[in-house]
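Residue-level structure breakdown
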Amino acid sequence: AGGNDGNGGAQSQGQVFTNNRDSFVGIEGGFGKVIAGRLAGLNQWVYDYNLFADQVGDLGSSIGASGLPGRASSAIMYSTPDMGGLDIQISFVPDENDNDGDVQIIKANYRNAGFKLGLGHLNAGNATEDHTASVVTGSYDFGQFSIGGLFQSESDAGGVKGNDIETFSLGASAKIGEITTFKVQYFDRDADAADADSDGWAVG
């Protein structure tokens, strides 16, 4: 932030859009939806069940720690219509520098009452090794209680062959009375690179 990058700060005055949020144009109909602009990358699943979004304990700080984009500019996404609780999103981000850095993402979502399941895969092209991430997310909302989490597996992070990362999270929430919710969330990040492991708790 603070530079002329759309993220705010003195040098960003006069900019219409901010890189901190999705900004796009598109068309929607019976065929589904097509949008283009600055769109979600890893954020397509980081917030499937994230009890501390935009707060201390946000899973985005651990899921995206290897450099894969939470959002990406110049992206295009096609979303299918709802098919009995199932929808699929396909995204493409071209490499504007012709360095084999295209990004492809596919995400499937299934919802049935309080149950949600997500499956995703991201491939970020690299001149050496492609950096890939595969994820499964799941949650169930019982009304007063909820539980959920994710498991993400990355291969060749940063284009370094054999630099693999696994991230796991689990959380739960409970409504207490009319206006109070107790929530707890844990994550563990296991990386092959030296001194790159991390884990943490968030309680609120």
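Everything here concerns the structure above.
The sections below set out a description of the structure shown in this document. (Residues numbered from 1 in each chain as written. Predicted model: local features only at pLDDT ≥ 70, side-chain atom pairs only at ≥ 80, totals over all residues. Heavy atoms only, no water.)

A few words on the nonpolar core. Leu-42, Trp-45, Leu-59, Ile-63, Leu-68, Val-103 and Leu-122 are the most contacted members of the largest nonpolar core, which totals 20 residues. With three residues, strand E3 (residues 71-79) is the largest single contributor of residues to this core. In contact with Leu-59, other than residues within four places in its own chain, are Val-46, Tyr-49, Asn-50, Leu-150, Ser-169, Gln-185 and Phe-187. (Core = buried A, V, L, I, M, F, W, Y, C linked by side-chain atoms within 4.5 Å. Buried < 20%, exposed > 50% of the residue type's maximum accessible area, 1.4 Å probe, protein only. Helix = DSSP H or I, 4+ residues; strand = E, 2+ residues; numbered from the N terminus. Contact = heavy atoms within 4.5 Å.)

With that settled, consider the sheet that holds strand E5 (residues 103-112). Strand pairs in the sheet, formed through backbone hydrogen bonds, run parallel or antiparallel to each other. Spatially, E1-E2-E3-E4-E5-E6-E7-E8-E9-E10-E11 is the arrangement adopted by the eleven strands of the open sheet, whose pairing is antiparallel. The open sheet has two free edges, formed respectively by strand E1 (23-29) and strand E11 (198-203), since each of these has just one partner strand. When strand polarity is set aside, the average angle formed by the axes of neighbouring strands in this sheet is 10°. Sheet topology places strand E2 (residues 32-40) next to E3; seven bridges connect them, and they run antiparallel. (Pairing = 2+ DSSP bridges. Axes fitted to C-alpha atoms, helices over the stretch in contact; angles between N-to-C directions.)

For the structure shown, the criterion picks out three aromatic pairs. With 4.6 Å between their ring centres and 55° between their planes, Tyr-140 and Phe-142 make a pair best called tilted. Given a relative accessible area of 35%, Tyr-140 falls into the partly exposed group. With centroids separated by 4.8 Å and ring planes inclined at 45°, the aromatic side chains of Tyr-186 and Trp-201 adopt a geometry described as tilted. With a gap of 15 residues between them, Tyr-186 in strand E10 (residues 180-191) and Trp-201 in strand E11 connect regions that are remote in the sequence. Just above the ring of Phe-52 sits the side chain of Lys-183; from NZ or CZ to the centre is 4.6 Å. (Phe/Tyr/Trp six-rings, centres within 6.5 Å; stacked < 30°, edge-to-face > 60°. Lys NZ or Arg CZ within 6 Å of the ring centre and 35° of its normal.)

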